[in-house]
Structure formats: structure tokens, C-alpha cells
2 protein chains.
Amino acid sequence: MSELKGACIIGQSGGPTSVINASALGVIEAALENSSITRVLGAEHGILGVLNDRLFDMAEEDPEELALLKYTPSSALGAGRYTMADPDLNDTDYKRILEIFKKYDVRYFFYNGGNDSMDTCNKISKYMQKVGYECRVMGVPKTIDNDLYGTDHCPGYASAAKYIATSCMEVYQDSRVYDTGMVAIIEIMGRHAGWLAASASLASAHGCGPDLIYLPETDFDMEQFLSDVDRIYKEKGNCLVAVSEGIHYPDGSFVAEACTSATDGFGHAQLGGLAPTLADLVKTRTGAKVRGIELSLLQRCGAHLASKTDIDESYMAGVAAVQSAVSGITDKMVGFERIMEDGKYVCNIKLLDLTDVANTEKKVPLEWINEAGNGMTQAYIDYVLPLIQGEPDRPMSNSLPRFAQLKKVYAK
Amino acid sequence: MSELKGACIIGQSGGPTSVINASALGVIEAALENSSITRVLGAEHGILGVLNDRLFDMAEEDPEELALLKYTPSSALGAGRYTMADPDLNDTDYKRILEIFKKYDVRYFFYNGGNDSMDTCNKISKYMQKVGYECRVMGVPKTIDNDLYGTDHCPGYASAAKYIATSCMEVYQDSRVYDTGMVAIIEIMGRHAGWLAASASLASAHGCGPDLIYLPETDFDMEQFLSDVDRIYKEKGNCLVAVSEGIHYPDGSFVAEACTSATDGFGHAQLGGLAPTLADLVKTRTGAKVRGIELSLLQRCGAHLASKTDIDESYMAGVAAVQSAVSGITDKMVGFERIMEDGKYVCNIKLLDLTDVANTEKKVPLEWINEAGNGMTQAYIDYVLPLIQGEPDRPMSNSLPRFAQLKKVYAK
């Protein structure tokens, strides 16, 4: 494979995570050091930055400030949720991207995101091939949802899992402090896959976690749920529940949506929400004091509880994307392969076809969910435990986080 | 003062904090070591444990496990919210307490709590004096609300403040990641005093915090609020807001209650809540994407973000209570006095009359709130910054918290 010289673009897309910037840093640092890559450009708000010609010159950043990206949550370059059209139906955006690629002599495109972003990557790459513009395209995975196909796990998942497990352990302590008892219901992200809610079981495995955990991988039965909570509350005087926002009835309708329409007659779709509504139903059924707690954005930006393993792997994924592309590889997403060496967890890089990744969603295996559909098995704990290990040595200022402050100089 | 020999009781009361157990540990360790104190008893669920004769023998605990209390959130002995009658009107409970005190030869009573708990302490002490039973009573302060009279600050406040500030910094990063912008509204505890909501300004002082902060110390003006948010959202494309749950209209009615009654026609008082309802109003006014985030119990049990200063001072308060009582002092609450030595923060112990503490509430000084009533001044930052300093070396197991597991053996 002959050397391909030119600029690279790194873009970030979709919902951010605690460690997506660690992956971006891996790309940026590896690209800045690589002699084949003549210039490193950061796209503002993902593909929109390319379409709008708003590209940051990453070489303008102070390397020490840049290095703080490893510990800075959310997407430092700005994220986009723009969906690209099918190029066979409408190639306007693709022509524009080609124009920008030519303008800056972009020969490497790295896109840091989830399912949809891999689809974007894939479409762009196929278009460039069709029009005969040489450009190597690599996907760098991220998603707290852990639902990308073909990889053992996804960068970002473990840090969110660690945040959720730690928070569940703390709420467990707090919610059973009174003589009168309490039911606490924790709502966790995850619309279609229950990986995040599953991580609450780490707290249970450590002696202070939810009694009940509900994932969208199985159908939700409201009567069974209320009866489960009532039973445990009567037995123990307390009950801690973790629910995925994506729990749904057998007909596929989300419980969250049913709750909203059932309890608000004013057409305010965002009011109420799953946790407070379940809390209200449980209160009526059990007579207990009940708290609904939504972990909301906190769970995906809680970088202070990031897993060092996750940070290191996320960085490694970014570096691997650059190294692979420079060596001649294109149209792949960087993935992870788990190897157990003498019982010790090792994470290796593997490369997956963008086409496969773009159209598949990985759910929690049903055999990792208990028979009653309200908890996780040891197999899941064994899977997730190595991923959350290690505390990052995060930089602080006045005992508060010191996040990266980028200059964001637009490329000329 | 002649030596008083006898058993001691330590009880915990009211809403827990991340560090109330550090204070309890201070009492327990100091009492176990002290030759005047013959036995150390822990009351289960505060004063209820005394009334119900459910007292733990703290000497039965493994010292190493006990030491983990320093890093274990919530009230390890169990908290109570039982309100004692006025002994002049009904002395049933007081007679029962006297009976238990005599049964175990209790000569020292340490009560770890907030305003109400200091009132309980005070009533018990006055009753014992009236009936001529010698018992020294000391209050050990705790409250995330920071509203105890006469002390520079309260154990528990700084750790909650640090949790709130860190979470605000992270949400700030997350909530301004898209090209389309967002308004995020963070609801923070504090029914009557705005100390906790004020701590969100630490995030702003560190470059990534709320644009607007509303405390219950000033009257809330909904129209002004919506106009403030709209202006900032139009200017910056994003807006982050911190509100105290206790914000109220000029007539004293809580905005949270008005919201609940206005939006829910089903009589479900817990549904909706302040943050989602404000979010809904802001959405209607600005057209922005809006998120309401309630920090809920997380902010008072987030021990993983505890301030080392807070932990150390909380422990010190417990030790000081024992030392004071043994030296002959009674009817006091341990408080803190701030001294600046060569510009360096030093925290000294001072003792406050229980009678004074029991009936007074300390609010945020109005001069620490900006003129517009939507932010804090530098004087508040200078006040709070020393309190949140230092990271505890918290024990971990599998990269998750390792909390104390007490045996809780009932005293015979």
C-alpha cells in the first residue's frame, strides 16, 4: 500500500460520554505525530462542521490543554445529530463534503460516534469511492449504550456503568435509613438495550444495590412489577428498584410514554416521566414512602467516576484508528476483543466492517437476565467487572475538575 | 468538676449526609478510648432506639470495619424523625428515656443531627436536670442544609456542595454539545435556606457552571425568570440554571407546590416536580430543547465526592463532643469557628448553647446574593472554597466503594 499524504478530519457525533474526548485525543495526538498526516482538523458539531466549513486547526491547541481532553466529559468539538440522506437519492451533502475534502486535501476521515455515526461514515466512504476520491474512513466507537455490533464492549459504557453502580450503592445506603422504610426507583438511560440498567446489578453484587432491575430486553408487566415491589417492601421494609427508560409492554409500547399520556392531561409530553410515575403507582399500591430518581444526563457526563480502563481503551481506539488508516485500511470501525490471559482481562483491537456495524444493534443476552426478568446473572457481572476497573488521576483545580479549555481556532 | 462515669449513647437523626457517619465515628472512637465512659451504645433510628430499647453495643464491632464509617454515606445507626412532645405537656417519652438511661447507667448522650435534633437534645437534657438525673448532653451537628445557627458551617454541607458543583460542571459540558443548544435546569435541595443551590456558583466560578442561580432567600418572579432564561438562551444558544427546591413567590407559597397543583389534575402531589415543570414552561417560552434534572438523594449521599476537609472536621466534631462532655460540659452543640491564619483557613471548635441552636435557622446572607437575585457574589465563593478542599483516600473494592458493614449487636 503506497503512502497516502493529506489532512485528516476528526468529528464527534451523537450523545456524548465521559470518555469520548479520550478517543478524540487518541486520534488527534496520533495524527499530529504521524508524518503521512499533514494537518489535523476538528469538525465543529460533527459532519455539520464539514458541511459548514467550520473546522478547527488542532495544531493551534496547547498540547497540555489538549491532554486534559482525557478527563473532560462530553464532546469537546461539539456533536451533531444530522442524518445524511441516501446518496443515491440526494447527493447534495456528499458533493459539499467532497468539495471541503478537496479544499483542505483531506485524505483521512475519523468519525467518533455510535450506530448512526457509523452509518454516516459508511455512506461518505462509499460516495468517495464512487467518485474516485481517495480517502480513508475509520469509525471510532463511543456510546454509553454499549449496543454497537461486533465489539466486546463500547468506549463510554464502563464509565457510565461505574457511575450508575456507585450511585446505586450510595442511594441504597440513604434510602433505608429511616425506621419507616422507603421504596426508591432509579431511572436509567437505555431506550432499546438495557446495558446501562444492567450495571446497577454491580451494586447489588457488592451488597448494596437494587432488589429489582428491569431491562427493555424483556416485556414489562406492571402488575408483576407492583407485586414484586410490594413483596420485597413487606419483607425487608425497603426496596430499591432500577428501571431502564426503555421498558415496554408486550405490544412494544414504552411504559414511559404510557405513563406520560396517562397522568398528564395538558399535553405536556416531558412532564412526569417514568421514575416519578412508577413511584406514584408504587405509593398507591404499597403505602410506602417512595422516591423516583432519574439519573438523567449525570450518568453520561460523570467523568469524576470514569473507569481508568475505559479511558485508556477509548484513547487506544483513537490511536488505532489513525494507525490503521495510515497503514492503508479503510471502511472499518475500531472494535474491542476481550482475551483472558491467565484469568486476567486483556483488551485487544479488532476491526469491523462499517457496513455490518451501521445496521445492527447489540442487546443484552437474554441468558444474562434472571428467569423472573427482574435481575442479572453472575455472567453479566463477570463481563462488566473488568471494564470498570481503575481510578483516573484526574487533574483538579481547587478540588474541582479541571477540564480542557480549547482555543478552537478555525482552519484557514 | 468531678469525674462522671457511665455509659454513653450516640444517636443519629434527620436526613443523612455523606459524612454524618464520620461524626458518629469520632464520638464512638473517642468514647471507646475514654476511661470515664464505661460503655458505648448506638441508638437504632435515633431517639426511637432509646425509646424502644434497641441499642447496639459498639464495642462488639470490628475496629477496622468501624473505621470505614468515615467514608460510608447515610446514617449507619439508622435515623429517626420522631418529634418529642413538650415535656411539660406530656412526659411519657421522657420517663421512658430516663428508665433506659438508668437501665444502662447512661451518663452521656450525644445526638448527631440538625435543628430538630438539637431541640430533642435540649428537651432531654432539661428534663434530666429537672428530675435530678446527672447526664451530660452534647449535640453533634450535621446537615447538608448548612442552616444551623452560630457555627461558621455545618458538617455535611461542604461534601454536598462539592457534589453539586462537580455535577453542575459536568452537566454544563454535556448540555451545550449540540449545534441546536439546550436549556438545562438543575433542581437542588434546600427548602428554606439556599446554601446548597448557592454551591452551584462554584462551578460558574470555575468557568463552567449555571448562568442563573435562584435561592429561597429572595422572592421568585416567574416572569423575570423566563425572561432571564430567554435572554441568555438567545445570546449564547445555551443556558444552565440552578434552582433551589424552596424557591417561592412573594406570598411565601412554594413554586414547587404551585407547579404540582397547576399541572396535575389527579391529586398526585409527588408527580411532576419543580425541575420538569420549570423545564416545560421554559420550553414553551423559548422553544429550546430543555432538560430538568433533579439531584434528589444523590446530592446528600454522594460520598465518592466528599470533601476531605468536611470528613476531617465532621470526625473532629464527634471527638470534641466526647472530650467536652467528659471534661464536664453539657447542653452544648459543637460548632465551628473559622480563623484565617496568614491567609490560610483554619477551623476551630466552639461550643454553642443548645437552646440557641434549637430555635434558629441560618440563611444565606442577602449581601452574598447578586442584585438581580440570580447569582452569587465572590464573598460566597471565598466562604465556601476552603470547605470543599481535599479528596479522601476512600477504600475501594473492585473499583466500587467499600462501605462499612456493621454487625449491629444489640446491647444486653
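The rules we used
Residues numbered from 1 in each chain as written. Chains lettered and ligands numbered in written order. Predicted model: local features only at pLDDT ≥ 70, side-chain atom pairs only at ≥ 80, totals over all residues. Heavy atoms only, no water. Contact = heavy atoms within 4.5 Å. Buried area = accessible area lost by both parts, 1.4 Å probe. Salt bridge = Lys/Arg side-chain N within 4 Å of Asp/Glu carboxyl O. Pairing = 2+ DSSP bridges. Helix = DSSP H or I, 4+ residues; strand = E, 2+ residues; numbered from the N terminus. Axes fitted to C-alpha atoms, helices over the stretch in contact; angles between N-to-C directions. Core = buried A, V, L, I, M, F, W, Y, C linked by side-chain atoms within 4.5 Å. Buried < 20%, exposed > 50% of the residue type's maximum accessible area, 1.4 Å probe, protein only. Parallel < 35°, antiparallel > 145°, perpendicular 65-115°, else oblique. Nonpolar A, V, L, I, M, F, W, Y, C, P; charged D, E, K, R; others polar. Expected span 1.5 Å × (residues − 1). Left-handed = near helix turned anticlockwise from the far one by under 90°. Least-squares fit on C-alpha atoms with pLDDT ≥ 70 in both. Phe/Tyr/Trp six-rings, centres within 6.5 Å; stacked < 30°, edge-to-face > 60°. Lys NZ or Arg CZ within 6 Å of the ring centre and 35° of its normal. pLDDT = per-residue confidence, 0-100.

Caption draft 1: The arrangement of the interface of chain A and chain B in detail. With 73 residues of chain A at the interface, the matching set in chain B holds 73 residues. For the pairing of chain A and chain B, the buried interface totals around 5900 Å² over both sides, and the portion due to carbon and sulfur atoms is 58%. Broken down residue by residue, the surface that chain A buries against chain B is led by E170, Y178 and L400 of chain A, which jointly contribute 12%. Seen at the junction of chain A and chain B, the total is two salt bridges. For R300 of chain B, the salt bridge is made with D174 of chain A, and the minimal N-O distance between the two is 2.8 Å.

Caption draft 2: Fine view of the sheet that holds strand 7 (residues 182-188) of chain B. All names here are of chain B. Within the open sheet, the four strands sit side by side as 8-9-7-10. Their pairing is parallel. Two strands in the sheet have a free side with no partner beyond their single neighbour: strand 8 (212-214) and strand 10 (290-294). The average undirected angle you get between the axes of adjacent strands in this sheet is 15°. Across seven bridges, the pairing between strand 7 and strand 9 (residues 238-244) is parallel.

Caption draft 3: Main features of the nonpolar core. Formed by 170 residues in total, the largest nonpolar core has its most connected members in F110 and Y380 of chain A together with F110 and Y380 of chain B. Each residue touching Y380 of chain B, except ones within four places of it in the same chain, is listed here: Y157, W195, A198, S199, S201 and W368 of chain B.

Caption draft 4: Structural detail: the sheet that holds strand 7 (residues 182-188) of chain A. Residue and element names in this part refer to chain A. Strand order in the open sheet formed by four strands is 8-9-7-10, and the pairing between neighbours is parallel. Only two strands of the sheet have a single neighbouring strand rather than two, namely strand 8 (212-214) and strand 10 (290-294). If you compare each strand with its neighbour and ignore which way they point, the axes differ by 15° on average. Of the pairings in the sheet, the one linking strand 7 to strand 10 comprises five bridges and is parallel in character. Looking at strand 10, one finds that V183 is bridged to V290. Most of the contacts of helix 6 (residues 157-175) go to strand 7, to which it runs at about 165°, and overall it touches strand 7, strand 9 (238-244) and strand 10. In the packing of helix 11 (residues 274-286) onto the sheet, the strands contacted are strand 7, strand 9 and strand 10, and the crossing angle to strand 10 comes to about 165°.

Caption draft 5: Fine view of the packing of helix 4 (residues 92-104) of chain A against helix 5 (residues 115-130) of chain A. Residue and element names in this part refer to chain A. Contact pair helix 4 / helix 5: the axes reach a minimum separation of 10 Å and the direction vectors enclose 75°. Here helix 4 is positioned roughly perpendicular relative to helix 5, judged by the angle of their axes. Here Y94, K95, I97, L98 and F101 of helix 4 come into contact with helix 5, specifically with K123, I124, Y127 and M128. Split into classes, the residues belonging to the contact of helix 4 with helix 5 amount to seven nonpolar, no polar and two charged.

Caption draft 6: Geometry of the pattern of salt bridges. Under the counting rule described, the total for this entry stands at 46 salt bridges over all chains. Between K162 of chain A and E391 of chain A there is a salt bridge; the shortest N-O distance is 2.3 Å. With K162 of chain A in helix 6 and E391 of chain A in the loop between helix 15 (378-384) and strand 13 (396-397), this residue pair connects regions lying 229 residues apart in the sequence. A relative accessible area of 37% places E391 of chain A in the partly exposed class. Of the charged contacts in the structure, one is a salt bridge between E235 of chain B and R231 of chain B, with a shortest N-O distance of 3.9 Å.

Caption draft 7: View of the pairing of strand 7 of chain A. Counted residue by residue, strand 7 of chain A has seven buried out of seven residues, so it is predominantly covered. A two-sided burial pattern is seen for strand 7 of chain A, the buried positions comprising M182, A184, I186 and I188 of chain A on one face and V183, I185 and E187 of chain A on the other.

Caption draft 8: Expanded view of the pairing of strand 11 (residues 332-341) of chain A. Residue and element names in this part refer to chain A. Both strand 6 (residues 136-141) and strand 11 contribute to a ladder of two bridges, which runs parallel. Bridging across to strand 11, M138 finds its partner in K332. Looking at chain direction, strand 11 and strand 12 (residues 344-353) are connected through 10 bridges and run antiparallel. Counterpart to M333 in the pairing with strand 12 is L352.

Caption draft 9: Just helix 5 (residues 115-130) of chain B, in detail. Taking 1.5 Å per residue, 16 residues should reach 22 Å; helix 5 of chain B reaches 23 Å between its end C-alpha atoms and fits that length. Turning to helix 5 of chain B, its buried residues number three or more, namely N115, S117, M118, T120, C121, N122, K123, I124, S125, Y127 and M128 of chain B.

Caption draft 10: Seen up close, the environment of A7 of chain B. All names here are of chain B. Position of A7 among the secondary structure elements: in strand 1 (residues 6-13). Remark: the alpha-carbon pair of A7 and S36, spanning 29 residues in sequence, is separated by 8.5 Å. Sequence-distant contacts of A7, defined by excluding residues within four places in its chain, comprise T38, R39, L41, Y104, D105, V106, R107 and Y108.

Caption draft 11: Here's a closer look at the side chain of S324 of chain B. Residues and elements named next belong to chain B. Tracing the chain through its elements places S324 in helix 13 (residues 308-326). By relative accessible area, S324 is classed as buried at 10%. The contacts of S324, once residues within four sequence positions are left out, are M138, I329 and L351.

Caption draft 12: Quick look at the packing of helix 1 (residues 20-33) of chain B against helix 13 of chain B. Residue and element names in this part refer to chain B. It is the contact of helix 1 with helix 13, at a shortest axis distance of 7 Å, that shows an interaxial angle of 40°. Taken together, the axes of helix 1 and helix 13 lie oblique to each other. Crossing geometry of helix 1 relative to helix 13 is assigned as right-handed. Packed against helix 1, whose contacting residues are A22, S23, L25, G26, V27, E29, A30 and A31, the element helix 13 presents I311, S314, Y315, G318, V319 and V322 at the interface.

Caption draft 13: Local environment of unusual backbone geometry. Residue and element names in this part refer to chain A. Phi is positive for N146, close to 60°, though the residue is something other than glycine. Turning to its location among the elements, N146 is positioned in the loop between strand 6 and helix 6. On the basis of relative accessible area, N146 is assigned to the buried category, the value being 0%. In this structure, S399 takes a positive phi of about 65° despite not being glycine. Along the polypeptide, S399 turns up in the loop between strand 13 and strand 14 (400-401).

Caption draft 14: Quick peek at the relation of the copies chain A and chain B. Rotating chain A by 180° and moving it 0.0 Å along the rotation axis overlays it on chain B with an RMSD of 0.0 Å. This pairing of chains is accounted for by a two-fold axis. Of all interface residues in chain A, 100% are interface residues in chain B too; the two copies therefore contact each other through one and the same surface.

Caption draft 15: Expanded view of the packing of aromatic side chains. Residues and elements named next belong to chain A. Applying the stated criterion across every chain yields a total of 32 aromatic pairs over all chains. On the basis of an interplanar angle of 85° and a centroid distance of 6.1 Å, the ring pair of W195 and W368 is categorised as edge-to-face. A residue pair is termed long-range when its members are at least 10 positions apart, and W195 in helix 7 (residues 195-198) and W368 in the loop between helix 14 (354-358) and helix 15 qualify at 173 residues. Residue classification places W195 among the buried positions, given a relative accessible area of 2%. Clustering of aromatic rings is evident, with ring pairs tying together Y157, W195, W368, Y380 and Y383. Above the ring of Y315, the side-chain terminus of K70 is found at 4.5 Å from the ring centroid.

Caption draft 16: A look at the confidence of the model for chain A. Residues and elements named next belong to chain A. Residues of chain A with pLDDT of at least 70 account for 96%, and the chain-wide mean is 94. Note that residues 261-271 has pLDDT below 50 and, in this model, 23 contacts with residues that lie over four places away or in other chains. Of the two predicted TM-score estimates for the complex, the pTM is 0.96 and the ipTM is 0.96.

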